[in-house]
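The lines below spell out each chain.
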2 protein chains.
Amino acid sequence: MPQKPIICTVDVVLLCLQGGVLQVALLQRDKPPFAGGYALPGGYIHPEQDTDALDAAVRMLSEKTGLSSPYLEQLGTFSGAARDPRGWSISIVYYALVPAELIEPDRTPGLQLQPVNQLKTLPFDHKEIVLAAVDRVRNKSSYSSLPVYLCGEQFTLPRLQAVYEAILGEPINKVSFRRKMDELDMLEAVDGALESGRANRPAQIYRLKSQYRNRLALSGRSMTGKVEH
Amino acid sequence: MPQKPIICTVDVVLLCLQGGVLQVALLQRDKPPFAGGYALPGGYIHPEQDTDALDAAVRMLSEKTGLSSPYLEQLGTFSGAARDPRGWSISIVYYALVPAELIEPDRTPGLQLQPVNQLKTLPFDHKEIVLAAVDRVRNKSSYSSLPVYLCGEQFTLPRLQAVYEAILGEPINKVSFRRKMDELDMLEAVDGALESGRANRPAQIYRLKSQYRNRLALSGRSMTGKVEH
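The residue numbers shown here count from 1 along each chain, following its written sequence. Whichever chain is written first becomes A and whichever ligand is written first becomes 1, with later ones labelled in order. Where totals are concerned, whole chains, interfaces and linings use all residues; where local detail is concerned, this predicted model gives features only for residues with pLDDT of at least 70, and gives and counts side-chain atom pairs only at 80 or more.

## Quick word on the overall build of chain A
Note the following rule: Each helix is a run of H or I in the DSSP string that is no shorter than four residues. Each strand is a run of E no shorter than two, and both are numbered from the N terminus. The quantity called the radius of gyration is restricted to C-alpha atoms. Its globule counterpart is 2.2 Å times the number of residues to the power 0.38. Using C-beta atoms placed from the backbone, we call a residue buried if 20 or more other C-beta atoms fall within 10 Å of its own, exposed if 12 or fewer do, and partly exposed for counts in between.
Scanning chain A from N- to C-terminus turns up 4 helices and 10 strands. Listing every helix and strand of chain A by position from the N terminus yields β-β-β-β-α-β-β-β-α-β-α-α-β-β. A globule of 229 residues ought to have a C-alpha radius of gyration of about 17 Å, and chain A, at 19 Å, matches this closely. The C-alpha extent of chain A, read off along each of the three principal axes, is 75 × 35 × 35 Å. Here chain A, with 229 residues, has 36% of them falling under the buried criterion.

Laid out in structure tokens, this is it:
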């Protein structure tokens, strides 16, 4: 009997912040295995069509969620004989952070957001994959511009601080936060744009500098005492 | 014509320190493509034999270099239509740091050490892979116990500091270095073991605490001002 080829897939952990909580986008599977279950958007690499695995991830995300080209980073590869009932498989996993407004469960049939802290059992090793992605995002957020991708294009510093706090899971001192933003040197004020919806004085509106739209700004020092695993 | 299966391989970036310089172990290829060229130790995943990709990497390293189970970490996956002349391929890459004494070019035919700073062109995208591994090792070394794997089982603090300096490429202040080692809390003194080969007073000999033999000790703060890319 000829040996079965290894199953080569790509999966994407798509994260957003909703209700102050990090959520992952899951899609209802229409085919076995695990038909009807909610799993990460993903699928087979198409060698005739995809230049590389990143290209496959971009295609998958666009086909299955309608999202085009967010900042995607490789999380790692999950592989082995045990993770897929169909046979020995490889999943090259990417993660992306996007503003919640871009994910529209109402317009994408079968799409669901689940809070990462209350995940049910997921098909394959997808729960393990989501938790690894969340871990990576939490660690990387403490010294980089990563959480900015969860905001819309423009935001105030108090809004951005709230996003960092939601990811890191702890309050950040306002002065330290502003010092860290200065150090990262990734934001620019939007000329003449102020948010005046609050009782206190209007807040300046910022956006990411263009050179950091597809590249992280990084600092050598974590914002918290926490460390990578 | 049936579609050709994707080529699924594992490669290992095996690094050591020799002559104060970080070196990568390369093996002469005995088959095409690039027969006769020096490339990373690696090969096809064997689904009937390997539990997962890490298991395949351990097997490859043992078969091709005689090394058994050093600390291996996944670097990332390199993939696409262009990297291998045989077709669309995936290489899941792991890296390992080992004491130079464990790599014995004389006993392993075709094995060669090359300084990572003077790499010639390598087959496939192996040069890009080695440089990515070196980048990862440099960044991770600045806040972790990773460089300890380059030492033998026992070492003095001046020797360990020299190893950190060789990896980070810059001198480290002795007091800061010792403070960082205390913070990482990964070393234990070997009872009654002193190194007295030098003119100054004998130096205490240390080893890694057993809980860190297969797991990194990490700090939230970099030893240098440098940052991850």
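## Looking at the pairing of strand β6 (residues 89-97) of chain A
All names here are of chain A. Formally: One requirement defines pairing of two strands: DSSP has to find at least two bridges between them.
Most of β6 sits out of view: 9 of its 9 residues are buried. With burial as the criterion, each face of β6 is covered, one bearing Ser89, Ser91, Val93, Tyr95 and Leu97 and the other bearing Ile90, Ile92, Tyr94 and Ala96. Two elements, strand β1 (residues 7-18) and β6, share 9 bridges in a ladder whose sense is parallel. Each residue of the ladder has a partner; that of Thr9, found in β6, is Ser91. Note: strand β5 (residues 72-80) against β6, 8 bridges, orientation antiparallel.

## Considering the domain arrangement of chain A
Where interface size is given, it is often the accessible area lost as the parts come together that is meant. Residues and elements named next belong to chain A. What counts here: Where each domain starts and ends comes from a domain assignment, either automatic or drawn from a database.
Here chain A is partitioned into domain 1 (7-140) and domain 2 (143-212). Using C-alpha coordinates to define each centre, domain 1 is positioned 27 Å away from domain 2. Secondary structure elements with two or more residues in the side of domain 1 that touches domain 2: β1 and α2 (126-141). The element best represented in the side of domain 1 that touches domain 2 is α2, accounting for 3 residues.

## Digging into the packing of helix α3 (residues 157-168) of chain A against helix α4 (residues 174-184) of chain A
Residues and elements named next belong to chain A. What counts is decided by this rule: An axis is simply a line fitted to the C-alpha atoms; with a helix, the fit covers only the stretch in contact. Between two such axes, the angle follows the N-to-C directions and lies from 0 to 180 degrees. Oblique is the label for any angle not covered by the other classes, which are roughly parallel (under 35 degrees), roughly antiparallel (over 145) and roughly perpendicular (65 to 115). Placing C-beta atoms from the backbone, we regard two residues as in contact once those atoms come within 7 Å. Any residue that is not Ala, Val, Leu, Ile, Met, Phe, Trp, Tyr, Cys, Pro, Asp, Glu, Lys or Arg is counted as polar, Gly included; the first ten are nonpolar and the last four charged.
Viewed as axis vectors pointing N to C, α3 and α4 meet at an angle of 100°, and their least axial separation amounts to 11 Å. Taken together, the axis directions place α3 and α4 in an arrangement best described as roughly perpendicular. Residue-level contacts link Leu157, Gln161 and Tyr164 of α3 to Lys174, Phe177, Arg178 and Met181 of α4. Of the residues in the contact of α3 with α4, the class split is 4 nonpolar, 1 polar and 2 charged.

## Comments concerning the relation of the copies chain B and chain A
What counts here: The copies were overlaid by least squares, fitting only the C-alpha atoms of residues that reach a pLDDT of 70 or more in each copy.
Expressed as a screw transformation, the operator carrying chain B onto chain A has a rotation angle of 180° and an axial translation of 0.0 Å, and the superposed copies differ by an RMSD of 0.0 Å. The two molecules are tied by a two-fold rotation axis, judged by turn and shift. In terms of C-alpha distance to the rotation axis, chain B has B:Arg221 as its closest residue, with the C-alpha 2.5 Å off the axis. A symmetric contact is evident, with 100% of the interface residues of chain B recurring at the interface of chain A.

## Topic: the interface of chain B and chain A
Contact with chain B, which involves 27 residues of that partner, is made by 27 residues of chain A. The set of elements that each furnish at least two residues to the side of chain B that touches chain A consists of β5 (72-80) and β6 (89-97) of chain B. By residue number, the principal contributor to the side of chain B that touches chain A is β5(B), which donates 5 residues. Class assignment for the residues of the side of chain B that touches chain A results in 12 nonpolar, 11 polar and 4 charged.

## As for helix α3 (residues 157-168) of chain B
All names here are of chain B. Applicable threshold: Expected span of a helix, by definition, is 1.5 Å for each gap between consecutive residues, and there is one gap fewer than residues. Think of it as the arc spanned by the lines of direction from the helix axis to the C-beta atoms.
Over its 12 residues, α3 runs 16 Å from end to end, which matches the ideal 16 Å to within 8%, given 1.5 Å per residue. For α3, the set of buried residues is Gln161, Val163, Tyr164 and Ile167. The buried residues of α3 occupy an angular sector of 155° when the element is viewed end-on, so they sit on one face. Residues of α3 that are buried in the fold lie against β1 (7-18), β2 (21-28), α2 (126-141) and α4 (174-184). Just downstream of α3, Gly169 is the residue with a positive phi angle, here 75°.

## Some words on unusual backbone geometry
Residue and element names in this part refer to chain A. With an omega dihedral of -5°, the bond running from Pro32 to Pro33 counts as a cis peptide bond. Turning to its location among the elements, Pro33 is positioned in the loop between β2 (21-28) and β3 (38-39). Backbone geometry places Phe124, a non-glycine residue, at a positive phi of 50°. Tracing the chain through its elements places Phe124 in the loop between β7 (111-115) and α2. Since 22 C-beta atoms lie within 10 Å of it, Phe124 is described here as buried.

## Description of the sheet that holds strand β10 (residues 203-208) of chain B
Residues and elements named next belong to chain B. Taken in spatial order, the 3 strands line up as β8-β10-β9 in an open sheet, and their pairing is antiparallel. Each edge of the open sheet carries a strand with a single partner, namely β8 (155-156) and β9 (187-195). Across 2 bridges, β8 lies against β10 in antiparallel orientation. In the strand pairing of β10, Thr156 is matched with Ile205.

## What to know about the environment of B:Ala96
All names here are of chain B. Turning to its location among the elements, Ala96 is positioned in strand β6. In this structure, the C-alpha to C-alpha distance between Ala96 and Ala39, residues 57 residues apart in sequence, is 16 Å. In contact with Ala96, other than residues within four places in its own chain, are Val12, Leu14, Pro70, Tyr71 and Leu72.

## Some thoughts on the sheet that holds strand β8 (residues 154-156) of chain A
Residues and elements named next belong to chain A. Pairing within the open sheet is antiparallel, and its 3 strands lie in the order β8-β10-β9. With partners counted over all chains shown, the strands left at the sheet margins are β8 and β9 (187-195), one partner each. On average, each strand axis in the sheet is inclined to that of its neighbour by 40°, with strand direction left out of account. By the bridge criterion, 5 bridges tie β9 to strand β10 (residues 203-208) in an arrangement that is antiparallel. When the sheet's bridge partners are listed, Leu187 is paired in β10 with Leu208.

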